[in-house]
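As a plain string of letters, each chain reads:
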Amino acid sequence: MPSSALWAVDLFGRVYTLSTAGQYWELCKDTQLEFKRVSAATQGCWGIACDNQVYVYVCASDVPIRCQEEAYENQRWNPVGGFCEKLLPSDRWPWSDVSGLQHRPLDGVALPSPHWEWESDWYVDENFGGEPTEKGGWTYAMDFPATYTRDKKWNSYVRRRRWIRYRRYKSRDTWAKIPSKDDPKQLPDPFNDLSVGGWEITEEPVGHLSVWAVSLQGKVWYREDVSHPNPEGSSWSHVDTPGEVVQISCGPHDLLWVTLWEGQALVREGINRNNPKGSSWCLVEPPTSENGIMHISVGVGVVWAVTKDRKVWFRRGVNSHNPRGTSWIEMVGEMTMVDVGLNDQVWGIGYEDRAVYFRQGITPSELSGKMWKAIVASRVCDRSHSGSSSSLLSAGCFFGDEVRVSGDSCAPSDTDASSEAERPGPEQPVPAESPESPGNSKGSSASGPGTTKTAEHALEGASPADHTPGPEPCPGQASTPAELPWTSVDLKEPKRAPGHAAETTGLSSLEMLPLGSEEPYCADDHPLWVWVSGGGCAVEAHTVLKWFTAQSGLSSSMQTLSLSITPAQTAAWRKQIFQQLTERTKRELENFRHYEQAVEQSVWVKTGALQWWCDWKPHKWVDVRVALEQFTGHDGARDSILFIYYVVHEEKKYLHVFLNEVTTLVPVLNEDKHSFALYTPERTRQRWPVRLATATEQDMNDWLALLNLSCCESRRVLGRPSLQAIWSITCKGDIFVSEPSPDLEAPEHPLPCDQMFWRQMGGHLRVVEASSRGVVWGIGYDGTAWVYTGGYGGGCFQGLASSTGNIYPQSDVKCVYIYENQRWNPVTGYTSRGLPTDRYMWSDATGLQECTKAGTKPPSLQWSWVSDWSVDFSVPGGTDQEGWQYASDFPSSYHGYKTMRDFVRRRCWARKCKLVTSGPWLEVPPIALRDVSIIPESLTT
Amino acid sequence: MTDDKDVLRDVWFGRIPTCFTLYQDEITEREAEPYYLLLPRVSYLTLVTDKVKKHFQKVMRQEDISEIWFEHEGTPLKWHYPIGLLFDLLASSSALPWNITVHFKGFPEKDLLHCPSKDTIEAHFMSCVKEADALKHKSQVINEMQKKDHKQLWMGLHNDRFDQFWAINRKLMEYPAEESGFRYIPFRIYQTTTERPFIQKLFRPVATDGQLHTLGDLLKEVCPSAIAPEDGERKNQVMIHGIEPMLETPLQWLSEHLSYPDNFLHISIIPQPTD
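All figures in this text were calculated on a predicted structure; none of them were measured in a lab.

1. Let's talk about the overall build of chain A
Scanning chain A for helices and strands turns up 14 helices and 55 strands. Among the 941 residues that make up chain A, the fraction classed as buried is 53%. Carbon and sulfur atoms make up 53% of the accessible area of chain A, which amounts to about 43,300 Å² in all.

2. Quick word on the side chain of Arg911 of chain A
All names here are of chain A. Along the chain, the position of Arg911 falls in strand E54 (residues 904–919). One buried charged residue, Arg911, remains without a salt bridge, the closest side chain of opposite sign being Asp868 at 4.4 Å. Looking at Arg911, its side chain comes within polar contact range of the main-chain oxygen of Ser867, at 2.8 Å. In this view, Arg911 contacts Lys814, Cys815, Val816, Lys853, Trp865, Ser867, Asp868 and Trp869; residues no more than four positions away in its chain are not counted.

3. Re the pattern of salt bridges
Enumeration according to the criterion identifies 28 salt bridges over all chains in this entry. Residues Glu820 of chain A and Arg907 of chain A are paired through a salt bridge, measuring 2.9 Å at the closest nitrogen-oxygen approach. Remark: Arg907 of chain A occurs in strand E54 and Glu820 of chain A occurs in strand E48 (residues 808–825); sequence separation between them is 87 residues. Side by side, Glu820 of chain A and Arg907 of chain A carry an identical accessibility label, which is buried. Arg188 of chain B is paired through a salt bridge with Glu131 of chain B; the nearest N and O atoms lie 3.0 Å apart. Remark: Glu131 of chain B occurs in helix H4 (residues 118–137) and Arg188 of chain B occurs in strand E6 (residues 187–191); sequence separation between them is 57 residues. When its relative accessible area of 10% is taken as the criterion, Arg188 of chain B is described as buried. Judged by relative accessible area, Glu131 of chain B falls into the partly exposed class, the value being 31%.

4. Notes on the confidence of the model for chain A
Residue and element names in this part refer to chain A. Confidence along chain A averages 76 in pLDDT terms, with 78% of residues attaining 70 or more. The spread of mean pLDDT over the elements of chain A runs between helix H11 (residues 556–560), the lowest at 33, and strand E46 (residues 776–779), the highest at 94. When the criterion is pLDDT under 50, residues 382–524 qualifies, and its contacts beyond four places in sequence or with other chains add up to 195 contacts. The low-confidence segment residues 551–569, where pLDDT is below 50, has 36 contacts with residues more than four positions distant or belonging to other chains.

5. A short note on the interface of chain B and chain A
At the interface, 48 residues of chain B touch 40 residues of chain A. Roughly 4,100 Å² is buried in total at the junction of chain B and chain A, and carbon and sulfur atoms are behind 57% of that figure. Broken down residue by residue, the surface that chain B buries against chain A is led by Lys5, Leu38 and Arg161 of chain B, which jointly contribute 17%. Between chain B and chain A we count eleven residue pairs in polar contact (both at pLDDT 80 or more) in total. Here strand E34 (residues 596–597) of chain A runs beside strand E2 (residues 35–40) of chain B; their pairing, made up of two bridges, is parallel. Residue pairing across strands places Gln597 of chain A opposite Leu38 of chain B, the latter belonging to E2 of chain B.

6. Notes on a nonpolar patch on the surface
A grouping of Trp77, Met142, Trp154 and Tyr157 of chain A is seen on the molecular surface, where their side chains present a nonpolar patch of about 540 Å² in accessible area. Relative to the elements of secondary structure, Met142 of chain A occurs in the loop between strand E14 (139–141) and strand E15 (158–169).

7. A short note on the sheet that holds E46 of chain A
Residues and elements named next belong to chain A. Pairing within the open sheet is antiparallel, and its four strands lie in the order E45-E46-E47-E55. Two strands lie at the open edges of the sheet, namely strand E45 (767–770) and strand E55 (921–924), each paired on one side alone. Taking each pair of neighbouring strands and ignoring which way they run, the sheet shows an average axis angle of 25°. In this sheet, E55 lies alongside strand E47 (residues 785–788) in antiparallel orientation, the contact comprising four bridges. Of the residues in E55, the one forming a bridge with Tyr788 is Trp921.

8. Let's talk about the UniProt feature "domain: Peroxin/Ferlin" (unreviewed entry) in chain A
According to UniProt, the feature "domain: Peroxin/Ferlin" (unreviewed entry) maps to residues 64–125, 137–170, 811–872 and 883–916 of chain A in the numbering used here. A distance of 30 Å separates the end C-alpha atoms of residues 137–170 of chain A, which is 0% helix and 44% strand.

9. Examining the state of the cysteines
In this structure the tally under the stated criterion is zero disulfides over all chains. Free of any disulfide, Cys913 of chain A has its nearest neighbouring cysteine sulfur in Cys815 of chain A, separated by 7.4 Å.

10. A look at the sheet that holds strand E18 (residues 210–215) of chain A
All names here are of chain A. Taken in spatial order, the four strands line up as E17-E18-E19-E20 in an open sheet, and their pairing is antiparallel. Strand pairing shows two members of the sheet lacking a second neighbour, strand E17 (191–197) and strand E20 (236–239), which therefore form its edges. Along the sheet, successive strands turn relative to each other by an average axial angle of 30°, direction set aside. In this sheet, E20 lies alongside strand E19 (residues 220–223) in antiparallel orientation, the contact comprising four bridges. Looking at the pairing, Tyr222 lines up with Ser237 of E20.

11. Here's the deal with the pairing of strand E6 (residues 54–58) of chain A
All names here are of chain A. Counted residue by residue, E6 has five buried out of five residues, so it is predominantly covered. Burial of the side chains of E6 extends over both faces: Val54, Val56 and Val58 are buried on one face and Tyr55 and Tyr57 on the other. As paired elements, strand E5 (residues 44–49) and E6 share five bridges and run antiparallel to each other. For Trp46, the partnering residue across the bridge sits in E6 and is Val56. Note: E6 against strand E16 (residues 175–177), three bridges, orientation antiparallel.

How each quantity is defined
- Residues numbered from 1 in each chain as written.
- Chains lettered and ligands numbered in written order.
- Predicted model: local features only at pLDDT ≥ 70, side-chain atom pairs only at ≥ 80, totals over all residues.
- Heavy atoms only, no water.
- Helix = DSSP H or I, 4+ residues; strand = E, 2+ residues; numbered from the N terminus.
- Buried < 20%, exposed > 50% of the residue type's maximum accessible area, 1.4 Å probe, protein only.
- Areas by Shrake-Rupley, 256 points an atom, 1.4 Å probe, with all protein chains shown as cover.
- Lys, Arg positive; Asp, Glu negative; His and termini not counted.
- Salt bridge = Lys/Arg side-chain N within 4 Å of Asp/Glu carboxyl O.
- Polar contact = N/O pair within 3.5 Å; in protein donor to acceptor, adjacent residues only side chain to side chain.
- Contact = heavy atoms within 4.5 Å.
- pLDDT = per-residue confidence, 0-100.
- Buried area = accessible area lost by both parts, 1.4 Å probe.
- Pairing = 2+ DSSP bridges.
- Patch = residues over 30% accessible without salt bridge, like charges linked within 9 Å, V, L, I, M, F, W, Y side chains within 5 Å.
- Axes fitted to C-alpha atoms, helices over the stretch in contact; angles between N-to-C directions.
- UniProt positions renumbered as here; feature names shortened; annotations may be inferred.
- Disulfide = S-S within 2.5 Å.

Spelled out as structure tokens, the structure:
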């Protein structure tokens, strides 16, 4: 079964096929092009590439595609010279087509497109009517146009003969651009969608295909004369529609549906073998009026649709006699698109995970099937290291293809390497490619066997400034016994800012610079798909497919991903309860506010036994009793005081913190202790926050939530942050929000940020970007984009400190880097025995801290390892094949090749760790982002 | 943007303006002024009327004072019902403030329970909470709590501390992620028209087909007379906390958000006012 395959496009526009017999996605050979849409038939596939041009991919087969060109040579008898080329002025051309109406000189007959080649030169057709003429192929007649005979008679004044030449379609198994220049009607605008089908309508001509396309202006076009001998078709013709079309689907037989911009569907009626274009449209309303149809796919007797709320619908009662069907049925699952293939089988792309799903259990008697099942086949490049090691996942991330090839096989031949280079693996610099223009990525995918991918990484990954050891974040720092380990948590960076004022104006740029060098992490745990087409995929109910089991362990997580269904948040009953409660309060309280309260507000004290990082030397954790006292002032405002009772020299003492003075509460999770720090302006100045540790994580969360709530209450900051709130991220990825006060930027006394109150939000981000309209986006360390949901709390804030809705799970992944350092000696070469003055043989980037593979922990208790250590080849400066960088001595600038003067070398090891939390954030799949900017619409518009 | 958390606050801070007057037959030394107070809907009468007691005792002789009890339009008020429930059930159609008559004599033994001290209220309250958790979680949550957590629940109610109460109570409102609700919904349905004090049955929040049960489903099942016939006029109001939730409201949500501090949904069925 050479051509029974499922076609799909991934997020980066690469086209893959998955054979019904296979279990791996194979990359389509032509990697130069990125595609938006594909629509497959058994004999090939049509697609729209990112240049908005239409391409056709014709699968190779034993039968060549050849086409005969013909031309007629016409002559008239002349009393002087007999038959000659001199015709009468009223006659046809000396060289013409069969009708004689068109001039057709032999050298003027051109190939229709660059995808054809001539089989041979022109030659005379010696036969006429199936019999040889024996007269050079000439046939005779009295005059043009007339009936021609083989024999020359007395009244044969004219004669003609046929010249033949064959052309052959050569661009098979590759994407061939459909030429547009020859079109009589130049298309007004680029194409937006395309669908092929109709191969069951008629057998004449052989391999007839109906190719329909939609342009960006919403017009529908039909490609004329597409068939086996003419795979490119001849021209586009416009088909009138009553509305603006966004998407089209053509079934194998006579079904054709389109989606309108407004969300309705149009059904083409009157399609038959004599009229494959059909005759009229009729309108079908979407399943629900509030959510129009976004995508439609039709088969022989089925119609599937996806509405704007991602719900999937099945159209009941569709057949040739009633192409409109009768009613919609809602199906389970949320999809971005669905595609009906051969035998009315259905594939879809999940909204949440962008995986390809196959609808199981579709039979002629049960056309809607039973359930969605994720296809977890790995892509072909995953296979090459499926047996290599347990560090597969991480290795894939940092190994370029070329590097791995030379590492696996002892003597890679040129041919091996080049074939490998032809199909870039999924783990090649995927995120790096996305922001680039298609032109750039062309360059990268065309890289020959000799070029190193790592060099590219170095170029685009980090600027040289990033490489200076100073600002580089060193993961080992967290576990070092520095004097004030925890002051590096948050306010250190802002403090440093004034000193560097000349270089950087804003806080954010200072933060961003070191973070940039953490980039090399790339998320590609499972492929993200955007389009699937099953038009060439012959699956029947009993077909056994090997698509649903992961081969390498890479994609096993996908199977467990379930399809979620969005709840109706704004149900009428909920609205009514909110409204009635408000009315009740008004009714029962409005006129009676002067009444006395039955219960007087009293002080409530929460106490607990915590540990406190004591203020005096030697600093250590001491056991303390802590009490939180709340009271209500006369104006109803609540305030709280935190008392910390400690014993020093057997004398009981205490210190207290007014919570209305607290500027920030920060969880500090290093050193294996659950602790948090309280900052006030004074304590920030002293660089000495109150730091308390609890016995368990739950205790810490309780205290944090309570203290946070008390701080917010005393500052009267409740509910979701205002639209104008200022958002910030600590260097650990914690998220803080501050409400701007009117005097924030007062010219006389601008409020310094260490005196602003910063309230923590749940979640974990590397970048946050807010706008004055309440639109807030963030980007995680792994490049995932998140949008703020309007909730608050999450993470360690539970219960009342958190909003009920709008809190979702969030996870983040980043890499920890350590360095293996070696020194050369004349006897044994490079070894891990350094000079006594040398750095640690396993160290951080600066070499000052010892960081061994075994001893290096994840950055904090929140993080856990998700991969093993693997060599990072993508470090600035490049590496050799084993990842080493050479230099004359430590510390120095490193280069990726060894010279005579190099006595030391180092290589970078990376290990991925993952954090799971929750917060008011929703993932914005599927593209990994590096930065985001929000510009609100100006108020005038 | 309104959050479900706000419902908890609104429920907790519901107040009923009340005018306490001394029963006319009580013997006083001088005229007893009426006493005006905002009563928390979620609390209990005997828990929040210390001031009332003190106010009226000032004008009475010591020997005329026995156990205090309250009455509204001739109906003795059960202190062990939450205040909001008493008001919805008996007085929701009358004008505000709510008029309550204070008695110090003639304790109606057959109608009311004695309330010798606040410990009695605490015991009653805690037994309700435990019963509710038995229905919701087979008592697992309440039993896992420490004594001080129980105390915090009670003190939260006693001192009208929303945060203090909900810091603990939220644990009682959780359910396993793999379930879609509690085991059974703790509810009690009260009607003024019947002799029976209240209806309480086992009722699950989710139907066997996975559909969430609604308030309407519950009433249809356990109190069909409360709902109007298909074609007929609505004869009854279904009231919780002074509001009438739609019958389509999921019961699980109601239980989580509109339960009284004793973790029960107290639902009043009262005749539609005929004005």
